[in-house]
Amino acid sequence: MNIVAEFFVVTFKIIWSFALAGAKLIIRQREKSVEGQVCVITGAGSGLGRLFALEFARRRATLVLWDINRLGNEETAEMVRKIYLEMSLSEGCSDSIQELPLFQPKVHTYVCDVGKRESVYATAEKVRKEVGSVDFLINNAGVVSGHHLLECPDELIERTMMVNCHAHFWTTKAFLPNMLEQNHGHIVTVASSLGLFTTAGVEDYCASKFGAIGFHESLSHELKAADKDGIKMTLVCPFLVDTGMFKGCKIRNEMAKFFPPLKPEHCVKQAMRAILTDQPMICTPRAMYIVAFMKTVLPFDAIVCMYRFIGADKCMYPFLAHRKESTNNNESKTGI
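Worth saying up front: this structure is predicted, and the values here are computed from it rather than measured.

Definitions and limits used
- Residue positions are given per chain, counting from 1 as you read along its sequence in written order.
- Given that this is a predicted model, residues contribute local features only at a pLDDT of at least 70 and side-chain atom pairs are listed and counted only at 80 or more, while totals for whole chains, interfaces and linings are drawn from all residues.
- Values shown for side chains rest on all heavy atoms present in the structure; no hydrogens or waters enter the calculation.
- A run of H or I in DSSP becomes a helix once it reaches four residues, and a run of E becomes a strand once it reaches two; helices and strands are each numbered from the N terminus.
- In what follows, residue pairs with any heavy atoms lying within 4.5 Å of each other are defined as contacts.
- Per-residue accessibility takes into account occlusion by the displayed protein chains alone, with areas from the Shrake-Rupley method and a 1.4 Å probe.
- In this tally Asp and Glu are treated as negative and Lys and Arg as positive; neither His nor the chain ends contributes.
- Here the site of a charge means atom NZ of a Lys, CZ of an Arg, CG of an Asp or CD of a Glu.
- Within this scheme, the nonpolar core is defined by two criteria: the residues are buried Ala, Val, Leu, Ile, Met, Phe, Trp, Tyr or Cys, and they are joined through side-chain atoms within 4.5 Å.
- Only protein chains enter the calculation, and the probe is 1.4 Å; a residue is then buried if its accessible area is under 20% of its type maximum, exposed if over 50%, and partly exposed in between.
- Under the convention used throughout, the expected extent of a helix is 1.5 Å for every residue step, that is, one less than its residue count.
- In this analysis, strands are considered paired if DSSP registers two or more bridges between them.
- As a rule, the C-alpha atoms of each element are fitted with a line to give its axis, helices using only the stretch in contact, and angles between N-to-C directions run from 0 to 180 degrees.
- By arc we mean the arc of the directions from the helix axis to the C-beta atoms, nothing more.

Caption draft 1: Main features of the overall build of the chain. What the chain contains, in helices and strands, is 11 helices and seven strands. Over its C-alpha atoms, taken along the principal directions, the chain stretches across nearly 70 × 65 × 40 Å. For the chain, restricting intrachain contacts to residue pairs at least 6 apart in sequence, the fraction spanning at least 24 positions comes to 73%. When the accessible surface of the chain is summed, it comes to about 18700 Å², and 60% of that surface belongs to carbon and sulfur atoms. One way to put it: in the chain the 38 positive side-chain charges average out to a point 3 Å from where the 36 negative ones average out.

Written as C-alpha coordinates, this is what we have:
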(Lines give C-alpha, C1' and ligand atoms only; values in the text may rest on other atoms or scores of the structure.)
Protein backbone atom coordinates (compact mmCIF):
# COMPACT_ATOMS: atom_id res chain seq x y z
CA MET A 1 0.00 0.00 0.00
CA ASN A 2 1.18 3.51 -0.80
CA ILE A 3 2.56 5.14 2.35
CA VAL A 4 0.28 8.18 1.95
CA ALA A 5 -2.81 5.99 1.65
CA GLU A 6 -1.62 3.89 4.59
CA PHE A 7 -1.15 7.06 6.65
CA PHE A 8 -4.82 8.00 6.12
CA VAL A 9 -5.91 4.45 6.98
CA VAL A 10 -3.90 4.57 10.22
CA THR A 11 -5.34 8.01 11.03
CA PHE A 12 -8.86 6.68 10.54
CA LYS A 13 -8.14 3.68 12.78
CA ILE A 14 -6.80 5.96 15.52
CA ILE A 15 -9.90 8.17 15.35
CA TRP A 16 -12.09 5.06 15.34
CA SER A 17 -10.32 3.73 18.44
CA PHE A 18 -11.12 6.99 20.23
CA ALA A 19 -14.76 6.66 19.18
CA LEU A 20 -14.93 3.08 20.47
CA ALA A 21 -13.32 4.09 23.75
CA GLY A 22 -15.87 6.86 24.17
CA ALA A 23 -18.73 4.51 23.38
CA LYS A 24 -17.54 2.08 26.06
CA LEU A 25 -17.78 4.88 28.64
CA ILE A 26 -21.43 5.40 27.73
CA ILE A 27 -22.62 1.89 26.88
CA ARG A 28 -22.18 -0.70 29.61
CA GLN A 29 -20.16 -3.61 28.24
CA ARG A 30 -21.29 -7.18 28.71
CA GLU A 31 -19.08 -9.19 31.08
CA LYS A 32 -17.63 -12.44 29.79
CA SER A 33 -18.25 -15.72 31.58
CA VAL A 34 -15.44 -17.36 33.56
CA GLU A 35 -17.47 -20.37 34.68
CA GLY A 36 -15.35 -23.51 34.70
CA GLN A 37 -12.17 -21.66 33.77
CA VAL A 38 -9.01 -22.12 35.83
CA CYS A 39 -7.77 -19.00 37.57
CA VAL A 40 -4.37 -18.76 39.29
CA ILE A 41 -4.11 -15.96 41.86
CA THR A 42 -0.80 -15.14 43.54
CA GLY A 43 -0.85 -13.59 46.99
CA ALA A 44 -4.31 -15.06 47.58
CA GLY A 45 -3.90 -15.43 51.34
CA SER A 46 -4.96 -11.90 52.22
CA GLY A 47 -5.77 -8.41 50.93
CA LEU A 48 -6.68 -7.91 47.30
CA GLY A 49 -5.71 -11.47 46.38
CA ARG A 50 -8.35 -12.87 48.74
CA LEU A 51 -11.00 -10.51 47.38
CA PHE A 52 -10.13 -11.45 43.79
CA ALA A 53 -10.56 -15.10 44.76
CA LEU A 54 -14.02 -14.44 46.22
CA GLU A 55 -15.12 -12.51 43.14
CA PHE A 56 -13.99 -15.25 40.75
CA ALA A 57 -15.62 -17.87 43.00
CA ARG A 58 -18.97 -16.07 42.75
CA ARG A 59 -18.64 -16.46 38.98
CA ARG A 60 -18.01 -20.21 39.32
CA ALA A 61 -14.37 -20.21 38.25
CA THR A 62 -12.01 -22.96 39.42
CA LEU A 63 -9.57 -21.30 41.81
CA VAL A 64 -5.86 -22.04 42.17
CA LEU A 65 -4.60 -20.05 45.15
CA TRP A 66 -0.91 -19.33 45.68
CA ASP A 67 0.55 -17.77 48.78
CA ILE A 68 3.63 -18.10 50.96
CA ASN A 69 1.35 -18.10 54.03
CA ARG A 70 -0.30 -21.52 54.23
CA LEU A 71 -2.76 -20.51 56.96
CA GLY A 72 -3.96 -17.37 55.16
CA ASN A 73 -4.27 -19.29 51.91
CA GLU A 74 -6.39 -22.00 53.54
CA GLU A 75 -8.62 -19.34 55.13
CA THR A 76 -9.26 -17.89 51.68
CA ALA A 77 -9.97 -21.38 50.31
CA GLU A 78 -12.51 -22.00 53.06
CA MET A 79 -14.28 -18.74 52.17
CA VAL A 80 -14.35 -19.85 48.53
CA ARG A 81 -15.80 -23.25 49.46
CA LYS A 82 -18.60 -21.55 51.40
CA ILE A 83 -19.45 -19.49 48.32
CA TYR A 84 -19.51 -22.62 46.15
CA LEU A 85 -21.77 -24.36 48.69
CA GLU A 86 -24.16 -21.41 48.94
CA MET A 87 -24.45 -21.23 45.15
CA SER A 88 -25.11 -24.97 44.89
CA LEU A 89 -27.83 -24.80 47.55
CA SER A 90 -29.51 -21.75 46.01
CA GLU A 91 -29.47 -23.32 42.54
CA GLY A 92 -30.96 -26.53 43.95
CA CYS A 93 -33.75 -24.67 45.73
CA SER A 94 -34.59 -22.35 42.82
CA ASP A 95 -35.38 -25.25 40.49
CA SER A 96 -36.47 -28.50 42.11
CA ILE A 97 -36.75 -30.24 38.74
CA GLN A 98 -33.38 -29.32 37.35
CA GLU A 99 -30.49 -31.05 39.08
CA LEU A 100 -27.34 -29.25 40.18
CA PRO A 101 -24.99 -28.22 37.36
CA LEU A 102 -22.77 -30.99 36.07
CA PHE A 103 -19.74 -28.78 36.63
CA GLN A 104 -18.88 -28.15 40.25
CA PRO A 105 -16.04 -25.63 40.68
CA LYS A 106 -13.17 -26.49 42.99
CA VAL A 107 -10.48 -24.61 44.84
CA HIS A 108 -6.85 -25.72 45.04
CA THR A 109 -4.22 -24.28 47.36
CA TYR A 110 -0.45 -24.23 46.92
CA VAL A 111 2.26 -22.80 49.14
CA CYS A 112 4.57 -20.89 46.82
CA ASP A 113 7.21 -18.22 47.32
CA VAL A 114 6.89 -16.26 44.07
CA GLY A 115 10.13 -14.47 44.97
CA LYS A 116 11.97 -17.71 44.20
CA ARG A 117 12.09 -18.81 40.58
CA GLU A 118 12.45 -22.51 41.41
CA SER A 119 9.38 -22.40 43.66
CA VAL A 120 7.29 -20.79 40.90
CA TYR A 121 8.27 -23.30 38.24
CA ALA A 122 7.83 -26.30 40.56
CA THR A 123 4.40 -25.13 41.72
CA ALA A 124 3.31 -24.35 38.17
CA GLU A 125 4.22 -27.90 37.14
CA LYS A 126 2.06 -29.27 39.98
CA VAL A 127 -0.85 -27.10 38.82
CA ARG A 128 -0.56 -28.37 35.25
CA LYS A 129 -0.57 -32.00 36.44
CA GLU A 130 -3.24 -31.71 39.13
CA VAL A 131 -5.59 -29.05 37.75
CA GLY A 132 -4.87 -28.63 34.04
CA SER A 133 -4.27 -25.68 31.75
CA VAL A 134 -4.66 -22.18 33.19
CA ASP A 135 -7.05 -19.63 31.67
CA PHE A 136 -6.51 -16.67 34.01
CA LEU A 137 -3.27 -15.58 35.64
CA ILE A 138 -3.66 -12.86 38.28
CA ASN A 139 -0.20 -11.59 39.23
CA ASN A 140 -1.19 -9.95 42.51
CA ALA A 141 1.47 -10.82 45.12
CA GLY A 142 3.38 -7.81 46.43
CA VAL A 143 5.57 -6.63 49.29
CA VAL A 144 6.99 -3.33 50.54
CA SER A 145 10.19 -2.92 52.56
CA GLY A 146 9.23 0.32 54.31
CA HIS A 147 12.73 1.82 54.60
CA HIS A 148 14.49 4.87 53.25
CA LEU A 149 16.93 3.88 50.52
CA LEU A 150 20.12 4.30 52.56
CA GLU A 151 18.58 2.49 55.54
CA CYS A 152 17.18 -0.41 53.54
CA PRO A 153 19.15 -3.68 53.63
CA ASP A 154 20.11 -4.92 50.18
CA GLU A 155 18.28 -8.17 50.86
CA LEU A 156 14.97 -6.32 51.27
CA ILE A 157 15.52 -4.36 48.07
CA GLU A 158 16.17 -7.60 46.20
CA ARG A 159 13.13 -9.21 47.81
CA THR A 160 10.89 -6.32 46.70
CA MET A 161 12.12 -6.55 43.12
CA MET A 162 11.78 -10.34 43.06
CA VAL A 163 8.21 -10.49 44.37
CA ASN A 164 6.78 -7.35 42.75
CA CYS A 165 8.47 -7.60 39.37
CA HIS A 166 10.58 -10.67 38.58
CA ALA A 167 7.83 -13.06 39.71
CA HIS A 168 5.67 -11.80 36.83
CA PHE A 169 8.29 -13.05 34.36
CA TRP A 170 8.39 -16.49 35.96
CA THR A 171 4.65 -17.05 36.35
CA THR A 172 4.05 -15.84 32.80
CA LYS A 173 6.79 -18.07 31.37
CA ALA A 174 5.21 -20.98 33.23
CA PHE A 175 1.65 -20.54 31.93
CA LEU A 176 1.87 -18.51 28.71
CA PRO A 177 3.00 -21.36 26.39
CA ASN A 178 -0.31 -23.20 26.81
CA MET A 179 -2.23 -19.95 26.32
CA LEU A 180 -0.32 -19.34 23.08
CA GLU A 181 -1.08 -22.86 21.89
CA GLN A 182 -4.80 -22.37 22.45
CA ASN A 183 -4.84 -18.63 21.65
CA HIS A 184 -6.90 -18.22 24.78
CA GLY A 185 -6.20 -16.75 28.20
CA HIS A 186 -6.05 -13.62 30.29
CA ILE A 187 -3.09 -12.18 32.19
CA VAL A 188 -3.73 -9.55 34.86
CA THR A 189 -0.97 -7.42 36.35
CA VAL A 190 -1.90 -5.86 39.69
CA ALA A 191 0.53 -2.95 39.81
CA SER A 192 0.04 0.43 41.50
CA SER A 193 -0.32 4.13 40.80
CA LEU A 194 3.25 4.26 42.12
CA GLY A 195 4.24 2.45 38.95
CA LEU A 196 2.98 5.42 36.92
CA PHE A 197 4.36 8.23 39.06
CA THR A 198 6.51 8.28 42.17
CA THR A 199 7.07 9.82 45.56
CA ALA A 200 9.95 9.96 48.02
CA GLY A 201 10.98 7.17 50.36
CA VAL A 202 9.79 4.10 48.43
CA GLU A 203 12.38 3.85 45.68
CA ASP A 204 12.47 0.05 45.66
CA TYR A 205 8.67 -0.29 45.59
CA CYS A 206 8.25 2.30 42.80
CA ALA A 207 11.03 0.70 40.75
CA SER A 208 9.45 -2.74 41.10
CA LYS A 209 6.01 -1.48 40.02
CA PHE A 210 7.48 0.51 37.11
CA GLY A 211 9.19 -2.74 36.08
CA ALA A 212 5.98 -4.73 36.34
CA ILE A 213 4.14 -2.19 34.18
CA GLY A 214 6.94 -2.15 31.61
CA PHE A 215 6.86 -5.94 31.46
CA HIS A 216 3.08 -5.94 31.08
CA GLU A 217 3.05 -3.37 28.28
CA SER A 218 5.87 -5.01 26.35
CA LEU A 219 4.17 -8.42 26.60
CA SER A 220 0.91 -6.85 25.39
CA HIS A 221 2.71 -5.58 22.29
CA GLU A 222 4.37 -8.96 21.74
CA LEU A 223 1.00 -10.74 21.79
CA LYS A 224 -0.41 -8.22 19.32
CA ALA A 225 2.62 -8.64 17.06
CA ALA A 226 2.05 -12.41 17.11
CA ASP A 227 -1.67 -11.93 16.27
CA LYS A 228 -2.67 -13.72 19.48
CA ASP A 229 -5.85 -11.70 19.95
CA GLY A 230 -7.41 -14.46 22.04
CA ILE A 231 -5.05 -13.70 24.92
CA LYS A 232 -6.16 -10.63 26.83
CA MET A 233 -4.12 -8.38 29.12
CA THR A 234 -5.37 -6.11 31.89
CA LEU A 235 -3.22 -3.71 33.92
CA VAL A 236 -4.60 -2.70 37.32
CA CYS A 237 -3.18 0.51 38.83
CA PRO A 238 -4.97 1.49 42.03
CA PHE A 239 -4.18 4.43 44.29
CA LEU A 240 -3.28 3.58 47.88
CA VAL A 241 -5.58 0.79 49.05
CA ASP A 242 -6.63 0.55 52.69
CA THR A 243 -5.15 -2.90 53.36
CA GLY A 244 -2.63 -1.75 55.97
CA MET A 245 0.27 -2.18 53.56
CA PHE A 246 1.06 1.55 53.72
CA LYS A 247 -0.32 2.24 57.18
CA GLY A 248 0.40 5.82 58.23
CA CYS A 249 0.77 7.25 54.73
CA LYS A 250 -1.04 10.58 54.46
CA ILE A 251 -1.15 13.74 52.39
CA ARG A 252 -2.10 17.29 53.35
CA ASN A 253 -5.23 17.32 55.52
CA GLU A 254 -7.09 19.73 53.26
CA MET A 255 -6.47 17.46 50.26
CA ALA A 256 -7.01 14.12 51.97
CA LYS A 257 -10.78 14.17 51.40
CA PHE A 258 -10.20 14.36 47.64
CA PHE A 259 -7.77 11.41 47.63
CA PRO A 260 -8.87 9.03 50.41
CA PRO A 261 -7.40 5.51 50.59
CA LEU A 262 -9.41 3.11 48.47
CA LYS A 263 -11.64 0.52 50.05
CA PRO A 264 -10.24 -2.88 48.98
CA GLU A 265 -13.69 -4.14 47.98
CA HIS A 266 -14.28 -1.16 45.71
CA CYS A 267 -10.84 -1.52 44.14
CA VAL A 268 -11.37 -5.20 43.32
CA LYS A 269 -14.89 -4.69 41.98
CA GLN A 270 -13.58 -2.01 39.62
CA ALA A 271 -10.72 -4.28 38.58
CA MET A 272 -13.08 -7.24 38.02
CA ARG A 273 -15.28 -5.11 35.81
CA ALA A 274 -12.23 -4.21 33.72
CA ILE A 275 -11.03 -7.82 33.53
CA LEU A 276 -14.41 -9.25 32.53
CA THR A 277 -14.86 -6.65 29.77
CA ASP A 278 -11.30 -7.11 28.47
CA GLN A 279 -10.32 -3.56 29.37
CA PRO A 280 -6.55 -3.12 28.82
CA MET A 281 -6.01 -0.84 31.82
CA ILE A 282 -7.87 0.40 34.89
CA CYS A 283 -6.76 3.20 37.19
CA THR A 284 -8.68 3.71 40.41
CA PRO A 285 -9.82 6.38 41.04
CA ARG A 286 -10.07 7.89 37.55
CA ALA A 287 -8.15 10.96 38.73
CA MET A 288 -5.01 8.80 38.49
CA TYR A 289 -5.27 8.98 34.69
CA ILE A 290 -4.99 12.76 34.93
CA VAL A 291 -2.06 12.64 37.34
CA ALA A 292 -0.19 10.19 35.11
CA PHE A 293 -0.84 12.38 32.06
CA MET A 294 0.30 15.55 33.84
CA LYS A 295 3.56 13.85 34.73
CA THR A 296 4.33 13.40 31.03
CA VAL A 297 3.66 17.03 30.04
CA LEU A 298 4.70 19.12 33.05
CA PRO A 299 8.29 20.19 33.77
CA PHE A 300 9.82 18.36 36.72
CA ASP A 301 9.94 21.53 38.85
CA ALA A 302 6.21 22.01 38.24
CA ILE A 303 5.57 18.46 39.41
CA VAL A 304 7.58 19.14 42.58
CA CYS A 305 5.48 22.25 43.25
CA MET A 306 2.29 20.27 42.76
CA TYR A 307 3.52 17.49 45.06
CA ARG A 308 4.37 19.98 47.79
CA PHE A 309 0.99 21.69 47.46
CA ILE A 310 -0.99 18.48 48.05
CA GLY A 311 1.53 17.07 50.52
CA ALA A 312 2.53 14.15 48.33
CA ASP A 313 6.26 14.89 48.44
CA LYS A 314 6.66 13.39 51.92
CA CYS A 315 3.42 11.43 52.20
CA MET A 316 5.31 8.18 52.82
CA TYR A 317 7.41 9.51 55.69
CA PRO A 318 4.79 8.78 58.42
CA PHE A 319 4.48 5.25 57.02
CA LEU A 320 8.26 4.78 57.07
CA ALA A 321 8.44 6.08 60.63
CA HIS A 322 5.63 3.73 61.68
CA ARG A 323 7.35 0.78 60.01
CA LYS A 324 10.67 1.65 61.69
CA GLU A 325 9.00 1.91 65.09
CA SER A 326 7.27 -1.44 64.59
CA THR A 327 10.56 -3.06 63.60
CA ASN A 328 12.32 -1.65 66.66
CA ASN A 329 9.52 -2.86 68.93
CA ASN A 330 9.67 -6.36 67.47
CA GLU A 331 13.41 -6.46 67.91
CA SER A 332 13.17 -5.36 71.53
CA LYS A 333 10.51 -8.00 72.25
CA THR A 334 12.65 -10.77 70.79
CA GLY A 335 15.74 -9.49 72.56
CA ILE A 336 17.67 -8.78 69.39
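Caption draft 2: Focus on the nonpolar core. Grouped together as the largest cluster of nonpolar side chains are 64 residues, with contacts concentrated most on Ile 41, Phe 52, Phe 56, Leu 63, Phe 246 and Met 316. Sequence-distant contacts of Met 316, defined by excluding residues within four places in its chain, comprise Leu 194, Thr 199, Ala 200, Val 202, Leu 240, Phe 246 and Cys 249. Val 38, Trp 170, Ile 187 and Leu 219 belong to the second-largest nonpolar core, a separate cluster that totals 26 residues.

Caption draft 3: Seen up close, the side chain of Thr 189. Summarising the element assignment, Thr 189 is placed in strand β5 (residues 185-190). Once you skip the residues sitting within four places of it in the chain, Thr 189 turns out to touch Asn 139, His 168, Ala 212, His 216, Thr 234, Leu 235 and Val 236.

Caption draft 4: Molecular detail of the environment of Val 64. By secondary structure assignment, the location of Val 64 is in strand β2 (residues 62-67). Residue Val 64 is classed as buried on the basis of its relative accessible area, which comes to 0%. In contact with Val 64, not counting residues within four places along its chain, are Val 38, Cys 39, Val 40, Ile 41, His 108, Tyr 110, Val 127 and Val 131.

Caption draft 5: Main features of helix α6 (residues 203-225). Under the 1.5 Å per step criterion, the end-to-end length of α6 is 33 Å for 23 residues, consistent within 8% with the ideal 33 Å. Buried residues of α6: Asp 204, Tyr 205, Cys 206, Ser 208, Lys 209, Ala 212, Ile 213, Phe 215, His 216, Leu 219 and Leu 223, and no others. The inward-facing, buried residues of α6 abut α5 (154-182), β5 and β6 (231-238). Of the residues flanking the end of α6, it is Asp 227, one or two places downstream, whose phi is positive at about 60°.

Caption draft 6: Highlighting the sheet that holds strand β7 (residues 281-284). A sheet is described by the order of its strands in space; here seven strands give the open sequence β3-β2-β1-β4-β5-β6-β7, paired in parallel fashion. Each end of this open sheet is capped by a strand with a single partner; those strands are β3 (107-111) and β7. The average undirected angle you get between the axes of adjacent strands in this sheet is 15°. Where strand β4 (residues 136-139) and β5 come together, four bridges link them in parallel fashion. Bridge assignment links Leu 137 to a residue of β5, and that residue is Ile 187. Where helix α2 (residues 47-58) meets the sheet, it contacts β1 (38-42), β2, β4 and β5, and its direction lies at approximately 165° from that of β1.

Caption draft 7: Structural context of helix α4 (residues 117-130). For α4, built from 14 residues, the straight-helix expectation of 20 Å at 1.5 Å per residue is met to within 8% by its first-to-last C-alpha distance of 20 Å. Among the residues making up α4, those that are buried are Val 120, Thr 123, Ala 124 and Val 127. All buried residues of α4 fall inside an arc of 105° around its axis, so they share one side. Exposed and facing more than 90 degrees away from the buried side of α4 are Glu 118, Lys 129 and Glu 130. Where the residues of α4 are buried, they touch β2, β3 and α5. Following α4 by one or two positions, Gly 132 has its phi on the positive side, about 120°.

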